[in-house]
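In case you want the letters, here they are:
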Amino acid sequence: DGGFAIGLSITPLGIKGALLNLAGDIIASRTCESRHLTPDEGFRLIAEIVPELIALRPTGRILGVGLAMPGPFDVESMSFVGPTTMTGWGQVPLRERLSAVTGLPAFIAVDMSAAALAEQLYARGAEFTDFYYLYVGVGLGGAMIHDGHVLAGAWGNAGDIGHVPAVPGGEPCPCGNRGCLERYVSFDAYLRNGAVLGPQRWAEEVAPILRNAIVTIENLFDPETIILGGVAEQEVIEALSAAA
């Protein structure tokens, strides 16, 4: 308890915030469900959430605030485009606005990389030095942990598998291509096509596409293991894990 930090996750489904200590324990959390927030709406909610969390440890040393959000970043045809991203957030000076509304040092990360790092520090990934984290967000992403560090790439998007072509001539994707993996395997895909089936039946239907993705990951990165996680409902992630 020598220091605390605020973690924020923003997705097309809303905002989650948490107060954490130096061991990574979540002291408290807040959730604001609101679909496809504009930047002004998002930072207004952040300005409400963060003081509420800080007030729980009024004498604590608050080290900073981190914001994780969907990528990829800095890819013109795919960044902040479509229902699985934060449309309209592309030109926002994120770090500056986050620091301004919270009064804290601010950090920004792609959600899949932040999730992979959290797994490596605090959860199942701590058992491994080289693993791939398959992130089932509203879209689909992924990040490779190598030697205990996130393999970032030139623009921080290394391992982001969601827009790998999975079905030739398949569903149109907002990125401009067709048949992208996340059109079939993601929480957005489940909400569009699988909710009436239920997680298990839907996962069985997309299993061949998911298994091909797993094989691709294994051949590209040679990980010790692959971990599934993300912001999708737990039963959806568990069904995908079983199907894989």
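In short, a report on the structure. If you're wondering where the values come from, they're calculated on a predicted model, not measured in any experiment. (Residues numbered from 1 in each chain as written. Predicted model: local features only at pLDDT ≥ 70, side-chain atom pairs only at ≥ 80, totals over all residues. Heavy atoms only, no water.)

1. Overview of the overall build of the chain
From N to C terminus, the chain includes 6 helices and 9 strands. The C-alpha radius of gyration computed for the chain amounts to 18 Å, which stays within 12% of the reference 18 Å derived for 244 residues, consistent with globular compactness. Split into buried and exposed, the 244 residues of the chain put 48% on the buried side. When contacts within the chain are restricted to residue pairs at least 6 apart in sequence, long-range pairs at least 24 apart make up 56% of them. Charged side chains of the chain number 14 positive and 27 negative; the gap between the two group centres comes to 6 Å. (Helix = DSSP H or I, 4+ residues; strand = E, 2+ residues; numbered from the N terminus. Rg over C-alpha atoms; globule rule 2.2 N^0.38 Å. Buried < 20%, exposed > 50% of the residue type's maximum accessible area, 1.4 Å probe, protein only. Contact = heavy atoms within 4.5 Å. Lys, Arg positive; Asp, Glu negative; His and termini not counted. Charge placed at Lys NZ, Arg CZ, Asp CG, Glu CD.)

2. Considering the packing of aromatic side chains
Pairs of aromatic rings are described using the distance from one ring centre to the other and the angle between the two planes. Throughout the structure, instances matching the rule amount to 5 aromatic pairs. Geometrically, the ring pair formed by Y190 and W202 is edge-to-face, given 5.2 Å between the ring centres and 70° between the ring planes. Taken together, the positions of Y190 in helix α4 (residues 187–194) and W202 in helix α5 (residues 199–221) put the pair 12 residues apart, joining distant regions of the chain. Each of the two residues, Y190 as well as W202, counts as buried. What links up through ring pairs into an aromatic cluster is the set F187, Y190 and W202. (Phe/Tyr/Trp six-rings, centres within 6.5 Å; stacked < 30°, edge-to-face > 60°.)

3. Topic: the nonpolar core
If you look at the biggest cluster of nonpolar residues, it comprises 36 residues, and the most contacted ones within it are I6, L8, I10, M69 and L98. If you tally residues by element for this core, the top one is helix α1 (residues 39–54), at 6 residues. Beyond its immediate chain neighbours, meaning those up to four positions away, I6 contacts A18, L19, V50, L53, I54, I62, G64, V65, G66 and L104. Listed in part, the 29 residues of the second largest apolar core include Y190, A203, A207 and I226. (Core = buried A, V, L, I, M, F, W, Y, C linked by side-chain atoms within 4.5 Å.)

4. Thoughts on the sheet that holds strand β9 (residues 225–229)
Across the sheet, which stays open at both edges, the 4 strands sit in the order β8-β7-β6-β9 with mixed pairing between neighbours. Unpaired on one side and paired on the other, β8 (149–150) and β9 mark the two borders of the sheet. Across the sheet, α5 lies against β6 (130–136), β7 (140–146) and β9, angled at about 150° from β6, the strand it touches most. (Pairing = 2+ DSSP bridges. Axes fitted to C-alpha atoms, helices over the stretch in contact; angles between N-to-C directions.)

5. Describing the pairing of β6
β6 sits mainly inside the fold: 7 of its 7 residues count as buried. In β6, alternate side chains face the same way, and those of D130, Y132, L134 and V136 on one face and F131, Y133 and Y135 on the other are all buried. Across 7 bridges, the pairing between β6 and β7 is antiparallel. The residue of β7 that forms the bridge with Y135 is G141. Two strands pair when backbone bridges link them, and β6 and β9 are joined in this way by 5 bridges, in the parallel orientation. Residue pairing in the sheet places F131 in a bridge with T225 of β9.

6. As for the sheet that holds strand β4 (residues 62–69)
On the basis of which strands lie adjacent, the open sheet formed by 5 strands has the order β3-β2-β1-β4-β5 and mixed pairing. The open sheet has two free edges, formed respectively by β3 (26–33) and β5 (106–110), since each of these has just one partner strand. Strand-to-strand twist in this sheet, taken as the mean axis angle between neighbours without regard to direction, amounts to 15°. Strand contacts of α1: β1 (4–11), β2 (14–21), β3 and β4, with the helix running at about 25° to β2, the strand carrying the most contacts. Sheet contacts for helix α2 (residues 94–102): β1, β4 and β5; angle to β5, the most-contacted strand, approximately 135°.

7. What about the environment of T84?
Structurally, T84 can be placed in the loop between β4 and α2. Residues within four places of T84 in sequence aside, it is in contact with P12, P70, V138, G139, E182 and D188.

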